[in-house]
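# Examining the three-dimensional arrangement
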Amino acid sequence: MKLIKLSMNQPQKNKPNKRLNPYIKFTSVAIQMGVTIFLGNILGAWLDKKFSTTYLENLITLLLFFWLCIL
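Notes on the structure in this doc start here.

Turning our attention to the overall build of the chain. From N to C terminus, the chain includes two helices and zero strands. Within the span of the chain, comprising 71 residues, buried residues form 11% of the whole. Of the roughly 7200 Å² that the chain leaves accessible, carbon and sulfur atoms contribute 66%.

Put into structure tokens, the structure is as follows:
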């Protein structure tokens with residue numbers, strides 16, 4: 001009978017490797033992008049009311065959208 005000595009530095013072979021599902025990664029990116037665009041839209045609407053303009057909401061939303069697409 002052989003005794004197997006396991007040290008703390010050796011990974012156990014019976015443990016499965018836990019990896020994130022790729023769908024979870026892409027879902028988090030989509031959620032982050034949507035939240036950022038939504039907050040930019042709210043900021044633009046607030047600026048429109050504050051400065052009595054009609055174009056800042058659309059401008060800020062478009063700028064945030066293009067900025068996020070480049071990243």
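The next thing to look at is the packing of aromatic side chains. Under the definition given, this model contains one aromatic pair. Geometrically, the ring pair formed by Phe 65 and Phe 66 is edge-to-face, given 5.7 Å between the ring centres and 65° between the ring planes.

What follows deals with helix H1 (residues 22–51). Helix length check: H1, at 30 residues, gives a terminal C-alpha distance of 44 Å against a target of 44 Å (1.5 Å per residue), a fit within 8%. By the burial criterion, the buried members of H1 are Ile 37, Gly 40, Gly 44, Leu 47 and Asp 48. Taken together, the buried residues of H1 touch helix H2 (56–70). Looking one or two residues past H1, Ser 52 carries a phi angle of roughly 55°, positive in sign.

Basis of the calculations
Residues numbered from 1 in each chain as written. Predicted model: local features only at pLDDT ≥ 70, side-chain atom pairs only at ≥ 80, totals over all residues. Heavy atoms only, no water. Helix = DSSP H or I, 4+ residues; strand = E, 2+ residues; numbered from the N terminus. Buried < 20%, exposed > 50% of the residue type's maximum accessible area, 1.4 Å probe, protein only. Areas by Shrake-Rupley, 256 points an atom, 1.4 Å probe, with all protein chains shown as cover. Phe/Tyr/Trp six-rings, centres within 6.5 Å; stacked < 30°, edge-to-face > 60°. Expected span 1.5 Å × (residues − 1). Contact = heavy atoms within 4.5 Å.

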